[in-house]
Amino acid sequence: MSDDASERIRKEAQARIVPPKSTKDADLSNEEILNVYTKMRNDNDPTNWLIIGYRESQNELQVYGSGEGGLEEMKQHLVEEPLFGYFSHVYGDTNRKKFIFLSWLPESVGGMKKSRVMGHKAAVDAFFKYFHITISAFQLSDLNQSNIEARLKAAGGADYGVGTGGGTRGEQNFGGIKDQAKNLYLEKEKETNVSIVYEKGPLTTTPCDLSGRSFVAPQSEAKKNLNLTGNLDSSKIKN
């Protein structure tokens, strides 16, 4: 990613930071948060997780940790405090990077503090903006790879590790998937094709619209069949 692209990401993220009017509002103005987030959105940077929290503040968020070691490394930095996280996870055999927004609320945290923190969640959500799923975790067991990948699969509606060829990574028959989809479409098209039937001779029923009302030509159409004297001009009527 070019320097210009990184700068654009940084400016866009900075524009999403809303200055707090009181301690009821989340304060995301810490420069380090913006710096790490910009790194994570850069495809050429290995940084893949970020944890932010309050320390002694009621609303000012700060970086608790960031790194390149993924989910397991990030979990080592989760403490018994309300935290927010942003991390990426490479999912499926296609090596697609998926971003995940985490809210960490340990069961030991009191109800009032939980309520206050959850009131800040929308602002943090808006700041991170680009993520595939949101996870609310209360204990470390909520954050295991199989659970996360199941959530990603459900959100994406696809299993990127399986092709019609049944192979492993690098061996999927993606062309077979395309052909299979094409054949299914053609079969469904045959089932729904409607042939045109031409009716000859005078109508035995009055034409109706879908609501059952008779079709009636407007006066403007009827006038087209009249001559200048106002009488019916049979030459204008199509047989």
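The following paragraphs examine the structure supplied in this document.

Quick notes on the rules
Numbering of residues starts from 1 in every chain and runs along the sequence as written. Residues qualify for local features only when their pLDDT is at least 70, as the model is predicted, and side-chain atom pairs are given and counted only at 80 or more; totals for whole chains, interfaces and linings, by contrast, use all residues. Calculated side-chain values reflect all of the structure's heavy atoms, with hydrogen atoms and water omitted. Only DSSP runs of H or I with at least four residues qualify as helices, and only runs of E with at least two residues qualify as strands; both kinds are numbered from the N terminus onward. Throughout, a contact is declared for two residues whenever any of their heavy atoms are within 4.5 Å. Helix axes are fitted only over the stretch in contact, all axes being lines through C-alpha atoms; the angle between N-to-C directions runs from 0 to 180 degrees. Oblique is the label for every angle not falling under 35 degrees (roughly parallel), over 145 degrees (roughly antiparallel), or within 65 to 115 degrees (roughly perpendicular). Handedness of each helix crossing follows the sense of rotation of the near helix against the far helix: counterclockwise by less than a right angle gives left-handed, clockwise gives right-handed. Three residue categories are used. Nonpolar comprises Ala, Val, Leu, Ile, Met, Phe, Trp, Tyr, Cys and Pro, charged comprises Asp, Glu, Lys and Arg, and polar comprises the others, including Gly. Summary of the burial criterion: residues with accessible area below 20% of their type's maximum are buried, those above 50% are exposed, and those between are partly exposed, where the area comes from a 1.4 Å probe applied to protein chains only. At least two bridges found by DSSP between two strands is the condition for calling them paired. Within 3.5 Å is the distance limit for a polar contact, defined as a pair of N or O atoms, with the added protein rule that one can donate a hydrogen and the other accept it, and that residues adjacent in sequence qualify only through two side-chain atoms. Pairs were defined over the aromatic rings of Phe, Tyr and Trp, the Trp ring being its six-membered one, requiring ring centres within 6.5 Å. Orientation was assigned from the angle between planes: stacked under 30 degrees, edge-to-face over 60, tilted for the rest. Salt-bridge detection follows one rule: a side-chain nitrogen of Lys or Arg within 4 Å of a carboxyl oxygen of Asp or Glu. Handedness of a crossover: with both strands directed away from the viewer, a clockwise path from the first strand across the helix to the second marks it as right-handed. Only protein atoms enter the calculation, which uses a 1 Å grid: trapped sets of points that fit a 1.4 Å probe without letting it out are cavities, open sets showing protein on both sides within 12 Å along at least five of seven lines are pockets, and any residue with an atom within 4 Å of a point is a lining residue. Grid points are joined across faces, edges and corners, and a volume is the space filled by probe spheres set on the points.

### Quick look at the environment of Phe 128
Then comes step 1: Turning to its location among the elements, Phe 128 is positioned in helix α4 (residues 111–128).
Then comes step 2: Discounting chain neighbours no more than four positions away, the residues touching Phe 128 are Arg 16, Tyr 37, Leu 50, Ile 52, Gly 85, Tyr 86 and Phe 101.

### Let's talk about the packing of helix α1 (residues 3–15) against helix α2 (residues 31–40)
Axis angle and axis distance: for two packed helices, these are the angle between their axes and the distance between the axes, and together they describe the pair.
Then comes step 1: Interaxial distance between α1 and α2 falls to 9 Å at its minimum, and their mutual angle equals 135°. It follows from the interaxial angle that α1 and α2 lie oblique. Judged by the twist between their axes, the crossing of α1 over α2 is right-handed. Facing Ser 6, Ile 9, Arg 10, Ala 13 and Gln 14 of α1, the residues of α2 in contact are Glu 31, Leu 34, Asn 35, Tyr 37 and Thr 38.
Then comes step 2: When the residues that make up the contact of α1 with α2 are grouped by side-chain class, the tally is four nonpolar, four polar and two charged.

### Quick notes on unusual backbone geometry
Then comes step 1: Although it is not a glycine, Arg 55 sits at a positive phi angle of roughly 50°.
Then comes step 2: Residue Arg 55 is classed as partly exposed on the basis of its relative accessible area, which comes to 44%.

### Here's the deal with α2
Then comes step 1: Those residues of α2 that sit buried are Ile 33, Leu 34, Val 36, Tyr 37, Thr 38 and Met 40.
Then comes step 2: If you follow the buried residues of α2, they end up packed against α1, β1 (49–53), β2 (62–67), β3 (83–91), β4 (96–104) and α4.

### Here's the deal with the sheet that holds β3
Then comes step 1: As summarised here, the arrangement of the five strands in space is β2-β1-β3-β4-β5, forming an open sheet in which the pairing is mixed. Every interior strand has two partners, whereas the edge strands, β2 and β5 (133–137), have only one. The sheet shows a mean angle of 20° between the axes of neighbouring strands, taken without regard to direction.
Then comes step 2: The strands that α2 touches are β1, β2, β3 and β4; relative to β1, the one it contacts most, it runs at about 160°.
Then comes step 3: Its contacts with the sheet place α4 against β1, β3, β4 and β5, and it is angled at close to 40° to β3.

### With respect to the side chain of Asp 27
Then comes step 1: Checked against the element boundaries, Asp 27 lands in the loop between α1 and α2.
Then comes step 2: For Asp 27, the side chain forms a polar contact with the side chain of Ser 29, separated by 2.6 Å.
Then comes step 3: Residues within four places of Asp 27 in sequence aside, it is in contact with Pro 20, Asn 59, Glu 60 and Leu 61.

### A closer look at the packing of aromatic side chains
Then comes step 1: Under the defined criterion, the tally for this structure stands at nine aromatic pairs.
Then comes step 2: Summarising the aromatic geometry, the rings of Tyr 37 and Phe 128 are spaced 6.0 Å apart at their centres and angled 35° between planes, so their arrangement reads as tilted. With Tyr 37 in helix α2 and Phe 128 in helix α4, this residue pair connects regions lying 91 residues apart in the sequence. Neither Tyr 37 nor Phe 128 differs from the other in exposure class; each is buried.
Then comes step 3: Taking the centre distance of 6.1 Å and the plane angle of 20° together, the rings of Phe 84 and Phe 101 count as stacked.

### Let's talk about the pattern of salt bridges
Then comes step 1: In this structure the tally under the stated criterion is three salt bridges.
Then comes step 2: A salt bridge links Glu 12 to Arg 8; the nearest nitrogen and oxygen atoms lie 3.5 Å apart. With Glu 12 and Arg 8 both in helix α1, this residue pair falls four residues apart, about one helical turn.

### Considerations on the pairing of β4
Then comes step 1: Buried residues dominate β4, accounting for seven of its nine residues.
Then comes step 2: Pairing of β3 with β4, which is carried by nine bridges, proceeds in the antiparallel orientation. Bridging across to β4, Phe 84 finds its partner in Ser 103.
Then comes step 3: In this view, the connection linking β4 to its parallel neighbour β5 by way of α4 has right-handed handedness.

### Here's the deal with the layout of surface pockets
Then comes step 1: Its volume calculated, the largest pocket comes out at about 170 Å³.
Then comes step 2: A breakdown of the residues in the lining of the largest pocket according to their chemical character gives three nonpolar, seven polar and three charged.

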